[in-house]
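Structural overview for review
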2 protein chains.
Amino acid sequence: MKKYSEMTADELLAEKEALLKEFAEYKNMGLSLDMSRGKPGKDQLDLSMDLLDYTDYIEDGIDLRNYGILDGIPSCKRLFADLLEVEPKNILLGPNASLSIMFDYIAQAYSHGLCGSTPWNDIPGIKFLCPVPGYDRHFTILEYFNIEMVNVPMTNEGPDMDIIEELVKDEKVKGMFCVPKYSNPQGITYSDETVKRIAALKPAAEDFRIIWDNAYCIHDLYEEGDKLLNIFDYLGDYGNEDMVIEVCSTSKMTFPGAGISALAASDNNIADIKKRLNCQTISYDKMNQYRHVRFFVNAGGIKEHMKKHAAILRPKFEMVLAHLESELGGLGIATWFKPRGGYFISLDVMNGCAKRTGELCKEAGVTLTTVGATYPYFKDPNDSNIRIAPSLPPVEELDLAARILCVSVRIACVEKLLG
Amino acid sequence: MKKYSEMTADELLAEKEALLKEFAEYKNMGLSLDMSRGKPGKDQLDLSMDLLDYTDYIEDGIDLRNYGILDGIPSCKRLFADLLEVEPKNILLGPNASLSIMFDYIAQAYSHGLCGSTPWNDIPGIKFLCPVPGYDRHFTILEYFNIEMVNVPMTNEGPDMDIIEELVKDEKVKGMFCVPKYSNPQGITYSDETVKRIAALKPAAEDFRIIWDNAYCIHDLYEEGDKLLNIFDYLGDYGNEDMVIEVCSTSKMTFPGAGISALAASDNNIADIKKRLNCQTISYDKMNQYRHVRFFVNAGGIKEHMKKHAAILRPKFEMVLAHLESELGGLGIATWFKPRGGYFISLDVMNGCAKRTGELCKEAGVTLTTVGATYPYFKDPNDSNIRIAPSLPPVEELDLAARILCVSVRIACVEKLLG
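Here's a quick rundown of the structure. (Residues numbered from 1 in each chain as written. Chains lettered and ligands numbered in written order. Predicted model: local features only at pLDDT ≥ 70, side-chain atom pairs only at ≥ 80, totals over all residues. Heavy atoms only, no water.)

1. Remarks on the pairing of strand β11 (residues 261–264) of chain A
For a regular strand, side-chain orientation follows a simple rule: the groups alternate between the two sheet faces. All names here are of chain A. Covered by surrounding structure in β11 are S261 and L263 together with A262 and A264, the residues of both alternating faces. In this structure, strand β4 (residues 91–93) lies alongside β11, joined through 3 bridges in antiparallel fashion. Counterpart to L93 in the pairing with β11 is A262. In this structure, strand β10 (residues 244–249) lies alongside β11, joined through 4 bridges in antiparallel fashion. Along β11, the bridge assignment pairs E246 with A264. (Buried < 20%, exposed > 50% of the residue type's maximum accessible area, 1.4 Å probe, protein only. Helix = DSSP H or I, 4+ residues; strand = E, 2+ residues; numbered from the N terminus. Pairing = 2+ DSSP bridges.)

Written out as structure tokens, the structure is:
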């Protein structure tokens, strides 16, 4: 098929007519399809039901059903240490969601400072770097604390490091949110070069912190997954041991909302966070920590389990990508990444056409992530990015949803070109 | 026996000699007994193991294993609404501990203000009222946020309201922590008069908040428990709807650290807290919420379950109280309350003798709550209060621990009198 930009007005009008006819058919079906959030499907949730089978809760003679053990049970700290390739002493187990850890860490910086630094609340005009497109809930945290967000474009190797190296010279720049593996929404894994350049950053702010949200650390779609360097192996070379706070969770391994989160950080940061933690809680849910240890045993067990998720998710990703290829390929109106893991596909359409695409999808009964949400303040400067979450709908529904998405993109672009 | 104050120096010396002999025997036993924290005993934890039996997690067609439902599942909100006698819309379900809710509420006030008020961080010298003796973890939260704590003495009917009514005229006084039923550590339940006077307070600070920590709302030791008025029934009469934030949890109903917490508050406060909550998490552990609903069914189910706890705890409380009566009664060196519920017995010894008692207990292998911890900044002005937690040790150990405590009190007082 011809590129839209090479079509004549008549050709575009004919195309529009054909598309609207197809669109009307979908609309008449009265559908309600959801590609908005990275929710696992029911069959994925069923994979972890054995987790609930354990009935003894004694570890090293300690009754895990009772109060105590602030930073998490030793076996579960070892499990996450194994997964993240750090030492157990550098792990803190958290509540049911890593989002809460991240929120609370920013809250700590805001009210009390980090490792003795000035509380961020006392410094006007502080900023955070946000690789874009990115994860809306990171932006929500920063907006809540009134921290100015500075967009940094993503490349195929991660955020643009030339830009970041410049921006961190501003001492008002206090940190950066990263999803370094299978980034949300693009599914890009930071290259070795990018990880090393991040580890070597020389930020002006001594309490500059990178929230290394490794949400998809082991969420491969294929046998051979992307490899992400362990940034902790490189920080020490540059005296940056305290610069990175890594988080992850079992939300997309076992049960979203009923899992375990964990934080990995330097000795200094762990001690700093524990001071606050000691005022916040007596312990998180140790019974659930223990269940996860029994269920997974070690990082190898997690890897095996994740293959079952991959077997369910892979066909869904491939179906959506096939539709994008066959229905949008060659038209010159859209680009996308082919992620090898994670939970999303990121679609960039012709400038000024993303919101309209979202509206059309909604009209036809397909819910997308709110268009614009992949940018701070919901402001996608080009109005071009759409996040697709293919995990929740069953395959047959997803097939339909992907078709509708593609038609909607095409209509939006034809409309735009016709002016 | 004679009151110590009426003994001659010789009588005191003889008493001391006898006590030290008994103490030496205990010391030789090489014991390790723990009466420090309000931990349930193993037999209490065993009461709730059926909680873990449920394997379906669908409510109203919604898969509770997945993301979503920020404020808690409807059935569990109803359960807590039933328990606290408020409407479900005025309930927010929380994480695994009400302590975290309280910490986070103060954190919210500190960084963002409450319902549009000035953030507390922006007001120098703010204060909180602390009925004393009280719960150390409340004090820890206030100390973390650098909020000045003002002691308010407890009476047999709750905190001294004459003093409170005066203190709240200071607009720097921003709130008060209360454990209104079976207070920690005394086990005092606020009288109807006290609750009504609290509801009718006219604080100068418009964002004055009472954290109504109803930790022992249904934790009766006897069939006929203390009755606490529902303060929400009275707040409206004085335009104080937004003044109280009530919290409770299942920590001492099912599993400490693996339970459900809840918050009850006005519509305004719920909306205010939800704004923050929406940035913090996607949901708390709904599977655990559902398990608790299935296990308890309703407040009546909780009440029945709590009778089983009472059957285990009552003999422990009665044993400690019997020791206090038989070994300290009539000596004029100690007073205590006889709680009809809760988790603690509060013992007030002769001024200047509490710390020494704690040291002696430690020497003989009995761990008490850190003496002084029942007062802000660990400063018991009279050095007289000791919190006893009788729940954890098995009865036979408790028997010994109570004897050792009583001997230690007597030695400390004799020493003091001998100068």
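2. Looking at the pairing of strand β5 (residues 127–132) of chain A
Residue and element names in this part refer to chain A. Across the 6 residues that make up β5, a large majority, 5, are buried. Pairing of β5 with strand β6 (residues 148–155), which is carried by 6 bridges, proceeds in the parallel orientation. Paired with C130 across the two strands is N151, which belongs to β6. Viewed along the sheet, the connection from β5 through helix α5 (residues 136–144) into β6 turns out right-handed. Pairing of β5 with strand β8 (residues 173–178) involves 3 bridges; the strand directions are parallel. (Right-handed = clockwise from strand over helix to strand, strands pointing away.)

3. Structural notes on the sheet that holds strand β6 (residues 148–155) of chain B
Adjacent strands of a sheet form backbone hydrogen bonds with each other and so pair up, either parallel or antiparallel. Residue and element names in this part refer to chain B. Strand order in this open sheet of 8 strands is β4-β11-β10-β9-β8-β5-β6-β7, and the pairing throughout is mixed. Every other strand in the sheet has two partners, leaving β4 (91–93) and β7 (158–159) as the edge strands with one partner each. With 4 bridges connecting them, strand β8 (residues 173–178) and strand β9 (residues 209–213) associate as parallel partners. Residue C178 lies in a different strand from β9, and its bridge partner there is W212.

4. Re the nonpolar core
Of all hydrophobic cores here, the largest spans 95 residues; its most connected members are L83, I210 and W212 of chain A together with L83 of chain B. When near neighbours in sequence (up to four residues on either side) are disregarded, I210 of chain A contacts M176, C178, I198, L201, M243, V244 and I245 of chain A. Among the nonpolar cores identified, the runner-up in size contains 54 residues, and F317, V349, M350 and L360 of chain B belong to it. (Core = buried A, V, L, I, M, F, W, Y, C linked by side-chain atoms within 4.5 Å. Contact = heavy atoms within 4.5 Å.)

5. Some thoughts on the relation of the copies chain B and chain A
Laying chain B over chain A is done by rotating through 180 degrees and shifting 0.0 Å along the axis; what remains is an RMSD of 0.0 Å. Here the symmetry operator amounts to a two-fold rotation axis. Take the interface residues of chain B: 100% of them recur as interface residues in chain A, which is what a same-surface contact looks like. (Least-squares fit on C-alpha atoms with pLDDT ≥ 70 in both.)

6. Things to note about the interface of chain B and chain A
Taken together, the contacts link 53 residues of chain B with 53 residues of chain A. Taken together, the two surfaces of chain B and chain A that pack against each other cover about 4,400 Å², and 54% of this comes from carbon and sulfur. Among the residues of chain B in contact with chain A, R65, Y67 and Y144 of chain B are the three that bury the most area, contributing 18% of the side total. Taken together, the links from chain B to chain A amount to 2 salt bridges. (Buried area = accessible area lost by both parts, 1.4 Å probe. Salt bridge = Lys/Arg side-chain N within 4 Å of Asp/Glu carboxyl O.)

7. Topic: the packing of aromatic side chains
Evaluated as defined, the whole model comprises 21 aromatic pairs over all chains. Ring centres of Y190 of chain A and W212 of chain A lie 5.7 Å apart, and the angle between their planes is 85 degrees; this geometry places the pair in the edge-to-face category. Here Y190 of chain A is found in the loop between β8 and α7 (192–199), whereas its partner W212 of chain A is found in strand β9 (residues 209–213), with 22 residues between them in sequence. Measuring from ring centre to ring centre gives 5.9 Å for Y57 of chain B and Y290 of chain B, while their planes differ by 55 degrees; the resulting arrangement is tilted. Here Y57 of chain B is found in the loop between α2 (42–46) and β2 (58–59), whereas its partner Y290 of chain B is found in helix α10 (residues 286–296), with 233 residues between them in sequence. The exposure class of Y57 of chain B is buried, given its relative accessible area of 2%. Residue class for Y290 of chain B comes out buried when judged on its relative accessible area of 8%. Site record: aromatic cluster; members linked through ring pairs are F103, Y110, Y144 and F145 of chain A. Above the face of the Y343 of chain A ring, K252 of chain A is positioned so that its terminal group lies 5.2 Å from the ring centre. (Phe/Tyr/Trp six-rings, centres within 6.5 Å; stacked < 30°, edge-to-face > 60°. Lys NZ or Arg CZ within 6 Å of the ring centre and 35° of its normal.)

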